[in-house]
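# Reading the structure
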Amino acid sequence: MFIVRTGTRSLTHPPRSFVLSTPSSSTRPIRVRVRVQSLSITATSTPPLRLPLVSSTCVLPLASSSSSFPARSFTSSFFASSTSSTLLRLSHTSPLHPRVTPTTITTTTTKTTRSHHLTQSTAPSFKLIRLFSSAAASTIQSTSFSTFKEQHSSHLNTPPTDLDDRIKIFPSPMPRSYADAVDKLNGLQTNFAVLEAVRKSGGSANKNALQEMIDFVERSGYQPKDFDDLNMIHVTGTKGKGSTCALTESILRNYGEKTIKTGLYTSPHLMEVRERIRINGAPISQDLFAKYFFEVWDRLDSSGDKSKPGYFRFLTVLAFHVFKQEKVDVAILEVGVGGAYDSTNIINQPVVCGVAALGIDHVSVLGSTLAEIAWNKGGIFKKGVPAVSSEQPTEGLDVLQSRAKEIGASLQVIPAFTSQALGTTTIGLAGKHQVANAALATAMCKIWIEKVLGKKMQGSAGDVPQEFVQGLSSARWPGRGQIMVRDDKPKLTWFFDGAHTTESIRVCADWFKDASRKDAHGSTKKLLVFNCTGPRDGDALLQPLAAIQSTVHFDQAIFTPAITFASNTYKGDLVNNNAPLDLELKTQKTLAACWIKQVGLAQGQETALETTVLPSIEHSVNWIDDYVKRQTAAAAAEGVDHVQVLVTGSLHLVGGVQSVLGCDIV
């Protein structure tokens, strides 16, 4: 961080944020000229300036689809208070490559007094977001500068007409960009409040969920029956439903006898929200996301009712709209939470429904027993529509069979593939548990092909059709059982798995134990990076990892919230309002204590463990980089050749780490 006082100074390759400090006697505006290669710049002040400070985001267009960004600049002038010292903080973030740094940042002061203006030099993409005024003692959300001028004219040292003229040079030539869509979408995040209401209501808040969702769909110009021609596959489950959907999509996309255009809707995303909606296996482009987003937004606005659905509901409406407009041959829908009251469950006639492995999760919404959860999951069954399920515990399977009978659906239980059935076929997704997900996906694809294409599939029920081999082997699902080594840091291997339930973390622990052994390079140090979201049980989640400590031996455990950057800010796509702000890191400190406790229980004695609590993902990545340098530099003396890092507990955490690392979106 740099402290720049009155004068001029150029900063080359600065940190992610820096501070401009003005003396208390200063009566001159500070002019900040920023030449950047990242995608956004934000500005805030502490304390607020006496005159309005613009907190803004400057979004810069990409030169191409590559990771290089065009150089752009803009100039801002802020009039500093003459009665107190003011700090102006500028920080930059990049949704696609957050570690890209500005090439040059130049700060200057001018002798001009009584001025307050913002000018833009080359990039016609500046967007004014908020105006701050210390006199108002609050944030003013405003797009009407005349209103702002009337309310705060006593604090302005420029004539009103002059201010209006200057403001007018800030049109928003990109008012409907991807960044704008993400901003509006983040404004719909009410999940934490909604879930809290559901918890307090004992689940009664679910009763009107489907009708409310249908109303939003109708306001967007559709009826649920309009989606019947999407030939939908609807998948629920506690763990493995996303992987099952990815395998299903890959099988149909790679089906050799006919080109099938696929649509896939899943949640959550890792790095960018557009990952949730895929066409032919690839996330829709930023431009296409923005285009369809605002089409839905405008339809809702023009319906006479300005209310909007919540975050997940809006994305579900958007997914249906995208799939209709793109004319996909099949839409594969992953349930968000539960099934019976989920936003995806407004559909009438899917081709087939699937249930992946059941487990305990979202207990405050779905119930605390496997039977209650199974009842909710079975709510996606439809009369006359075939349903298939992975093998389940008796308690859950009995309820699924009862629900199928009640609704009028036929339910078939699909055993996991045996090694004999797979033969030489490989499954593209890592983990022993994928044999069950692959078998479920195969069963659904067989039903879909027979019903939609009218082709009878050959072979016995437990076999892998030859036409499906390519799809199974080429399937990819980032952030789940994923191993990554960066070319510039070959001595560091990252292991990513977004497991977030006790059962899925147990599977993750088994996978890491095997995969880390195969990846070993001489003497190896192992690190654990962990976080969990929501009211989850830290002891229960960490117990499976503690159970392998005697074999794996994590040398250090790092606990961090899913806050992306060291400036205490999120990447736009990763803003998460689903949990209250925890400035004291109480959750992470509790998790660190749980880790020590669980390892002690697993080993039958108190064990000395090293734990680190850090305030952001970027802090954690930098800490790990420094750790690797220290360990490998001392290799000659201590014999450390390689470092392995397991990141797990939350897909939000995995996505944040991959964003800070600058991973590609796939």
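Right, let's walk through the structure included here.

Rules used in this analysis
- Residues numbered from 1 in each chain as written.
- Predicted model: local features only at pLDDT ≥ 70, side-chain atom pairs only at ≥ 80, totals over all residues.
- Heavy atoms only, no water.
- Helix = DSSP H or I, 4+ residues; strand = E, 2+ residues; numbered from the N terminus.
- Buried < 20%, exposed > 50% of the residue type's maximum accessible area, 1.4 Å probe, protein only.
- Contact = heavy atoms within 4.5 Å.
- Areas by Shrake-Rupley, 256 points an atom, 1.4 Å probe, with all protein chains shown as cover.
- Core = buried A, V, L, I, M, F, W, Y, C linked by side-chain atoms within 4.5 Å.
- Axes fitted to C-alpha atoms, helices over the stretch in contact; angles between N-to-C directions.
- Parallel < 35°, antiparallel > 145°, perpendicular 65-115°, else oblique.
- Left-handed = near helix turned anticlockwise from the far one by under 90°.
- Nonpolar A, V, L, I, M, F, W, Y, C, P; charged D, E, K, R; others polar.
- Phe/Tyr/Trp six-rings, centres within 6.5 Å; stacked < 30°, edge-to-face > 60°.
- Pairing = 2+ DSSP bridges.
- Salt bridge = Lys/Arg side-chain N within 4 Å of Asp/Glu carboxyl O.

### Some thoughts on the overall build of the chain
Of the regular secondary structure elements, the chain holds 21 helices and 26 strands. Out of the 666 residues in the chain, the part that is buried amounts to 52%. Of the contacts made within the chain by residues no fewer than 6 positions apart, 78% connect residues no fewer than 24 positions apart. Counting only carbon and sulfur atoms, one obtains 51% of the accessible surface of the chain, whose full area is about 27500 Å².

### Quick word on the nonpolar core
Residues Leu185, Phe289, Phe293, Leu318 and Phe323 are the most contacted members of the largest nonpolar core, which totals 40 residues. Those elements giving two or more residues to this core turn out to be α3 (178–186), α5 (209–219), β15 (277–279), α7 (286–301), α8 (311–326) and β17 (330–334). A total of 10 residues in this core trace back to one element, the largest contributor, which is α8. Setting aside residues no more than four positions away along its own chain, Phe293 makes contact with Ala181, Lys184, Leu185, Phe314 and Leu318. Val330, Val352, Leu429 and Ala441 belong to the second-largest nonpolar core, a separate cluster that totals 38 residues.

### Description of the packing of helix α15 (residues 502–518) against helix α16 (residues 538–547)
Where α15 contacts α16, the axes come no closer than 8 Å and their chain directions differ by 20°. Considering their axes alone, α15 and α16 lie roughly parallel with respect to each other. Judged by the twist between their axes, the crossing of α15 over α16 is right-handed. Seen from α15, the contacting residues are Thr502, Ile505, Arg506 and Ala509; seen from α16, they are Ala540, Leu541, Gln543, Pro544 and Leu545. Classifying every residue of the contact of α15 with α16 by side-chain character gives 6 nonpolar, 2 polar and 1 charged.

### A word on the packing of aromatic side chains
For any pair of aromatic rings, geometry is given as the distance between the ring centres together with the angle between the planes. By the definition in use, this model includes 17 aromatic pairs. Seen from their ring centres, Phe293 and Phe314 are 4.7 Å apart, and the 40° between their planes marks the pair as tilted. Taken together, the residues span a long stretch of sequence, with Phe293 in helix α7 and Phe314 in helix α8 at a distance of 21 residues. Classification of Phe293 as buried rests on a relative accessible area of 0%. With a centroid separation of 6.0 Å and an interplanar angle of 70°, the aromatic rings of Phe554 and Trp595 are classed as edge-to-face.

### A short note on the pairing of strand β14 (residues 262–265)
Here β14 shows a buried face lined by Thr262 and Leu264 and a second buried face lined by Gly263 and Tyr265. With 4 bridges joining them, β14 and β17 adopt parallel strand pairing. Within β17, the position partnered with Thr262 by the bridge is Val330. Pairing analysis gives 3 bridges linking β14 to β15, with the strands arranged antiparallel. Pairing of Leu264 across the sheet is with Arg278, part of β15.

### Describing the pattern of salt bridges
A full pass over the atoms with the stated rule returns 20 salt bridges. Here Asp539 ties to Lys597 by a salt bridge, and the two come within 3.6 Å at their closest N and O atoms. You can see Asp539 sitting in helix α16 and its partner Lys597 sitting in helix α18 (residues 586–603), a full 58 residues away along the chain. We classify Lys597 as partly exposed; its relative accessible area is 46%. Put simply, Lys432, Asp514 and Arg517 are held in one network by salt bridges that share partners.

### What about the pairing of strand β21 (residues 482–485)?
As judged from the 4 bridges shared by β21 and strand β22 (residues 492–497), these two strands associate in the antiparallel manner. Each bridged residue has a counterpart across the sheet, and for Ile483 the counterpart in β22 is Phe495. In this structure, the hairpin formed by β21 and β22 is closed by a connection of 6 residues.

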